[in-house]
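This is what each chain is made of:
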Amino acid sequence: MQMMTRNVLLNMELEEDDDEDGDIVLENFEQTIVPTFGSLESQQDFRTPEFEEFNGKPDSLFFNDGLRRIDFVLVYEDESKKENTKKGSNEKQKRKRQAYESNLICHGLQLEATRSVSDDKLVFVKVHAPWDVLCTYAEIMHIKLPLKPNDLKIRSTFGTLNWFTKVLRVDESLIKPEQEFFTAPFEKSRMNDFYILDKDSFFNPATRSRIAYFILSRVKYQVMNNVSKFGINRLVSSGIYKAAFPLHDCRFNYQSEDPSCPNERYLLYREWAHPRSIYKKQPLDLIRKYYGEKIGIYFAWLGYYTQMLLLAAVVGVACFLYGYFNQDNCTWSKEVCDPDIGGQILMCPQCDRLCPFWRLNITCESSKKLCIFDSFGTLVFAVFMGVWVTLFLEFWKRRQAELEYEWDTVELQHEEQPRPEYEAQCTHVVINEITQEEERIPFTACGKCIRMTLCASAVLFWILLIVASVIGIIVYRLSVFIVFSSTLPKNPNGTDPIQKYLTPQMATSITASIISFIIIMILNTIYEKVAIMITNFELPRTQTDYENSLTMKMFLFQFVNYYSSCFYIAFFKGKFVGYPGDPVYWLGKYRNEECDPGGCLLELTTQLTIIMGGKAIWNNVQEVLLPWIMNLIGRYHRVSGSENITPRWEQDYHLQPMGKLGLFYEYLEMIIQFGFVTLFVASFPLAPLLALVNNILEIRVDAWKLTTQFRRMVPEKAKDIGAWQPIMQGIAILAVVTNAMIIAFTSDMIPRLVYYWSFSIPPYGDHTSYTMDGYINNTLSVFNITDFKNTDKENPYIGLGNYTMCRQGFSKDCRIQYWHVGSALTFSFSSQHIIYSVKFFISYAIPDVSKITKSKIKREKYLTQKLLHESHLKDLTTHMGLIAERVGGVVDETVRPKLE
């Protein structure tokens, strides 16, 4: 069948926008000639799909004839039955839709329309791509298709552990391993070289849907101001069509009654998305086959990340238990809780006038908790995580290379086509420097610079907005701390758990963390829309460029949004407070915050727990409940007196749309979690355990969403995880710095080591052996209240009690401060360079592509070229033989004597 090359375009110069409700002047309708497609002679030549009644087969994936497979479904509301008083608008939309559908038919697609069985206003247009169309566009899209079965031997990766791993694998009697093939980009001229046993199965459903979507997204329907408007995405966004999607092959909880249906959705639900399969490995090949490589690579990465988290979680729990069981041996915490030591130490007020003097032992419980996290085990775990993150990234590169080979995406970069939105704006003609030929681009170099400048300015504005919100949280901390200090009891009651644990510092930290989390979620919701608008304005050329650009914007924003408060607590809070009698003020009014005598590490742990835990709970609840409730409401509205048999396409229409960005937000959620696990792990060794539990649920929740609650996504190709890979590498490098600085400056480990090895014994100390006894008394400075010398301000301590002296969280011996700073800088510098050296060695020692995978790629490439070359020689030999026979026949007739 020859693909038709006629095209219909609507030329509506009077219309300013798809969404405007102006009148359409049909008399001014003119035919538009498009190069290579020709034109229709009149508007009466619109080709319309055939209307057919539903045949009563709810599981059918074919047209009513039972022969032509449905590759895509378009849904629109019949304009004649719309409840809309603007008749002109409905007529204008109808004309655009008719032109678009006519052009689809002219491109070779076959359409069949069926009215909804539950809503007479809805019309479902089923799209079928015939064999010739599939072959033509498979060559245009450089789709790799099978040449011959792959005879390379695959070694078992489990060996003697097969008996154990069999429990973790999916049931191979249900999900059979896919047959491997040698593949090559399809060419119609070499069709006989490809492994075509059956034309109906040569292109699998995912590939058919991908080709159909490629055509749907590029067919034109209107020309306005010499700019073409085309693509199903624009028609859906303007409301001309209500939806466009490929079909699921069956219901998720029942097998199809059609014997030709593979029931892949049912198998995925049973062996992957069902809660009872939570312990099983993911059927990645079936996921890739059904949803495409882009979704398959996401679940492969998420599964591998979760596996690697298991090791980090085990080590993190071990370090946490080490600190927990050794907290009773924490000498400095005992001194804080001792009534004769901590109970006798009077601390200076932490704010002016309203804050009273307080006893050190009210921080007893927080000091005990701090001993759990601020221990030697935390130091070991921070170093381990610096190595772990490198191992994870390097081994993932190897796994990714294996998937590239197995899924035929090694040379994917040559296949990607420009986005329809980009092609539609290509109005400027330039000379290509390489080919010296004319090509069209959307804007000049000057226009591109202007766009980039505007986009960068918008991103900078939103980042500054986040910084402003962080400053607002800091002001809240400073102001509310005064309230808590004046209202909460200062003498702990051992029988009251609230008084026992809720100190002014803890109350301020918890409330500020909750408010910070709420602001983070609000800003995220707003910025998501802004980031999409900015990226659309940039107009990237390919879908990969579009996603990478959006990824960088979103991550930069999320990085500042989620981590700014943690960076403030870890590296700024309590560092610039001045000293008693001359404190540092924010905005000339608010006295700067101070940390507990043990440091800000416990507050950082609290902040991480609230944000990380709250984010995980919120996201999972949102991902599960929101689509389920939306589908439940939809089913409630569709309930009618008579129970109608609903066709497959109508069942899928009532599911939730996945969204234009697909799994972008799932990636973003996991990368932000990756940052929490690596950047601040020195303060919270249980972060990998929380991430592990969350990810085990996340995999199954995402699987459940895709298979039960959402329409089937358009399958897409992808060879890697895109811009997320360099983002993770950047986080890994930054994590070494942040964890080293947390241990050096935020925790109290370095001052304790300095005291233990230098100041606990003579000549600076009074003890005969190395000990931590006396550490608290030695590290607190003494301030004589009568020494207040600031003449510009009234003494803030007057009227707070008859006290002459108080203590502050600074060493009374300035030599300890010098030793502390010097030791901290030395530790930070040396530990960073040691870990960076180890990371570099690991990266160098572990190649990105394993030797076995390299051999397989080279072997397949060699055999493929050999196969195509031999086939070409065979055809050439046959062709030359035919020519020789013909030439020989002509010669024989010429030299043969003419018979009289």
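Note that the coordinates shown come from a computational prediction; the quantities given were computed from them, not determined experimentally.

## Overview of the overall build of the protein chain
Right, on to step 1. What the protein chain contains, in helices and strands, is 26 helices and 20 strands.
Right, on to step 2. The buried share of the protein chain, reckoned over its 900 residues, is 51%.
Right, on to step 3. Counting only contacts in the protein chain whose residues sit at least 6 apart along the sequence, the fraction spanning at least 24 positions is 78%.
Right, on to step 4. Surface accessibility of the protein chain: about 44200 Å² in total, with carbon and sulfur atoms responsible for 59%.

## Considering the pairing of strand β7 (residues 181-185)
Right, on to step 1. With 4 of 5 residues buried, β7 lies mostly within the body of the structure.
Right, on to step 2. As judged from the 5 bridges shared by strand β6 (residues 144-149) and β7, these two strands associate in the antiparallel manner. Each bridged residue has a counterpart across the sheet, and for Lys144 the counterpart in β7 is Pro185.

## Notes on the packing of helix α20 (residues 664-679) against helix α22 (residues 724-746)
Right, on to step 1. Orientation of α20 relative to α22, taken along the N-to-C sense of each, is 25°, at an axis distance of 8 Å. In terms of axis orientation, α20 runs roughly parallel to α22. Crossing handedness for the pair α20 and α22: right-handed. Here Phe664, Tyr667, Leu668, Ile671, Phe674, Gly675, Thr678 and Leu679 of α20 lie close against α22, whose contacting residues are Trp724, Ile727, Met728, Ile731, Leu734, Ala735, Thr738, Asn739 and Ile742.
Right, on to step 2. Residues that form the contact of α20 with α22 fall into these classes: 13 nonpolar, 4 polar and no charged.

## A closer look at α20
The periodicity of an α-helix, 3.6 residues per turn, causes residues three or four positions apart to be oriented the same way.
Right, on to step 1. End to end, α20 covers 22 Å across 16 residues, agreeing with the expected 22 Å (1.5 Å per residue, within 8%).
Right, on to step 2. Burial of α20 is extensive: 15 of the 16 residues sit out of reach of the surface.

## Here's the deal with the pattern of salt bridges
Right, on to step 1. Using the criterion set out here, one finds 21 salt bridges in the structure.
Right, on to step 2. Notably, a salt bridge pairs Glu101 with Arg97, separated by 3.4 Å at the nearest N-O pair. Residue Glu101 and its partner Arg97 are located together in helix α1 (residues 87-106), separated by 4 residues, close to a single helical turn. By the burial criterion, Glu101 is buried, and Arg97 matches it.
Right, on to step 3. Of the charged contacts in the structure, one is a salt bridge between Glu293 and Lys717, with a shortest N-O distance of 3.2 Å. Of this pair, Glu293 sits in helix α9 (residues 293-325) while Lys717 sits in the loop between α21 (687-709) and α22, and the two are 424 residues apart along the sequence.
Right, on to step 4. By sharing partners, the salt bridges in this structure join Arg270, Glu271 and Lys280 into a single network.

## Considering the sheet that holds strand β2 (residues 50-51)
Right, on to step 1. Read from one edge to the other, the open sheet built from 5 strands follows the order β2-β4-β5-β3-β10, with strand pairing classed as mixed. With partners counted over all chains shown, the strands left at the sheet margins are β2 and β10 (243-245), one partner each.
Right, on to step 2. Here 6 bridges tie strand β3 (residues 72-77) to strand β5 (residues 122-128), and the two strands are oriented antiparallel to one another. For Leu74, the partnering residue across the bridge sits in β5 and is Val125.
Right, on to step 3. Running at roughly 45° to β3, helix α5 (residues 205-216) makes contact with β3 and β5 of the sheet.

## A closer look at unusual backbone geometry
Right, on to step 1. For His142, which is not glycine, the phi torsion reads 55° and is therefore positive.
Right, on to step 2. Overall, the relative accessible area of 34% leaves His142 in the partly exposed class.

## Structural notes on the environment of Ile534
Right, on to step 1. Along the polypeptide, Ile534 turns up in helix α16 (residues 504-538).
Right, on to step 2. For Ile534, a relative accessible area of 8% corresponds to the buried category.
Right, on to step 3. Between the C-alpha atom of Ile534 and that of Leu550, which follows or precedes it by 16 residues, the distance is 8.5 Å.
Right, on to step 4. The residues contacting Ile534, other than those within four sequence positions of it, are Cys455, Ala458, Val459 and Lys553.

## A short note on the packing of aromatic side chains
Right, on to step 1. What the rule picks out here adds up to 46 aromatic pairs.
Right, on to step 2. Between Tyr290 and Tyr291, the aromatic rings sit 4.8 Å apart at their centres with planes inclined by 85°, giving edge-to-face as the arrangement. Each member of the pair, Tyr290 together with Tyr291, is buried.
Right, on to step 3. Here Arg69 stacks its cationic end above the ring of Phe62, 6.0 Å away from the centre of that ring.
Right, on to step 4. For the cation-ring pair, Arg451 lies above Phe537, with the distance from its terminal atom to the ring centre recorded as 4.7 Å.

## As for the state of the cysteines
What we call a disulfide is simply a covalent bond connecting the sulfur atoms of a pair of cysteines.
Right, on to step 1. If you walk through the whole model with that rule in mind, you get 3 disulfides.
Right, on to step 2. The disulfide partner of Cys337 is Cys364, and the S-S distance across this bridge is 1.9 Å. Between Cys337 and Cys364, the S-S torsion sits near 100°, and that sign places the bridge as right-handed. Note that Cys337 is positioned in helix α10 (residues 331-337) and Cys364 in helix α11 (residues 364-373), a separation of 27 residues in sequence.
Right, on to step 3. With relative accessibility at 13%, the residue Cys364 sits in the buried group.

## With respect to the confidence of the model for the protein chain
Right, on to step 1. Looking at the protein chain, pLDDT values average 78 and 79% of them are 70 or higher.
Right, on to step 2. Here residues 1-44 is a poorly scored stretch, pLDDT under 50, and it has 110 contacts once near neighbours within four places are set aside; other chains count.
Right, on to step 3. Scored below 50 in pLDDT, residues 156-160 makes 4 contacts in the model with residues more than four places away or belonging to other chains.

## Comments concerning the UniProt feature "transmembrane region" (unreviewed entry) in the protein chain
Right, on to step 1. Feature annotation in UniProt assigns "transmembrane region" (unreviewed entry) to the following positions: residues 298-325, 376-396, 459-486, 506-527, 667-687 and 727-746.
Right, on to step 2. Measuring from the first to the last C-alpha atom of residues 506-527 gives 31 Å, for a span that is 100% helix and 0% strand.
Right, on to step 3. Its end C-alpha atoms 26 Å apart, residues 727-746 is made of 100% helix and 0% strand.

## Regarding the packing of helix α8 (residues 284-291) against α9
Right, on to step 1. Packing of α8 against α9 brings their axes to within 7 Å, and their N-to-C directions diverge by 150°. Taken as axis vectors, α8 and α9 run roughly antiparallel relative to one another. Considering how the two elements wind past one another, α8 and α9 form a crossing that is right-handed. Between α8, through Leu284, Ile287, Arg288 and Tyr291, and α9, the contact on the second element is made entirely by Glu293, Ile295, Gly296, Phe299 and Ala300.
Right, on to step 2. Of the residues in the contact of α8 with α9, the class split is 6 nonpolar, 1 polar and 2 charged.

## Quick look at the pairing of β5
Right, on to step 1. In terms of residue burial, β5 counts as a mostly covered element, since 7 of its 7 residues are buried.
Right, on to step 2. Inspection of the sheet shows strand β4 (residues 110-115) paired to β5 by 6 bridges, in the antiparallel sense. Across the sheet, residue Thr114 finds its bridge partner in β5, namely Phe124.
Right, on to step 3. With antiparallel pairing between neighbouring strands as the criterion, β4 and β5 make up a hairpin whose turn holds 6 residues.

Quick notes on the rules
Every chain's residues receive numbers from 1 upward, in the order its sequence appears when written. Totals for whole chains, interfaces and linings use every residue, but because this is a predicted model, local features are given only for residues with pLDDT of at least 70 and side-chain atom pairs only at 80 or more, for both listing and counting. Hydrogens and waters are ignored; side-chain quantities use all the structure's heavy atoms. The numbering of helices and of strands both runs from the N terminus, where a helix is a DSSP run of H or I of at least 4 residues and a strand a run of E of at least 2. Partly exposed describes any residue whose relative accessible area lies between the buried limit of under 20% and the exposed limit of over 50%, with all areas from a 1.4 Å probe on protein chains only and scaled to the type maximum. In this analysis, two residues are considered to be in contact whenever any of their non-hydrogen atoms come within 4.5 Å of each other. A 1.4 Å probe and the Shrake-Rupley method give the accessible areas. Residues count as covered only by the protein chains that appear here. We treat two strands as partners when DSSP finds at least two bridges between them. For helices, the fitted axis covers only the stretch in contact; all axes are lines through C-alpha atoms, and the angles between them, taken along N-to-C directions, range from 0 to 180 degrees. Here the word oblique covers every angle except those under 35 degrees (roughly parallel), over 145 (roughly antiparallel) and from 65 to 115 (roughly perpendicular). Helix crossings are classified by the rotation of the near helix relative to the far one: an anticlockwise turn of less than a right angle makes the crossing left-handed, while a clockwise turn makes it right-handed. Residues were grouped as follows: Ala, Val, Leu, Ile, Met, Phe, Trp, Tyr, Cys and Pro as nonpolar; Asp, Glu, Lys and Arg as charged; and all remaining residues, including Gly, as polar. One less than the number of residues in a helix, times 1.5 Å, gives the span that helix is expected to have. Salt bridge, as used here, is a side-chain nitrogen of Lys or Arg placed within 4 Å of a carboxyl oxygen of Asp or Glu. Pairing of aromatic side chains requires ring centres within 6.5 Å, counting the rings of Phe and Tyr and the six-membered ring of Trp. Pairs whose planes differ by under 30 degrees are stacked, by over 60 edge-to-face, and all others tilted. Only lysine NZ and arginine CZ atoms are considered, and such an atom sits over a ring when it is within 6 Å of the ring centre and within 35 degrees of the ring normal. Pairs of cysteine sulfur atoms within 2.5 Å are what we label disulfides. Within a predicted model, pLDDT stands for the predictor's per-residue confidence, ranging from 0 to 100. UniProt positions are given in the numbering used here, feature names are shortened, and annotations may be inferred rather than shown by experiment.

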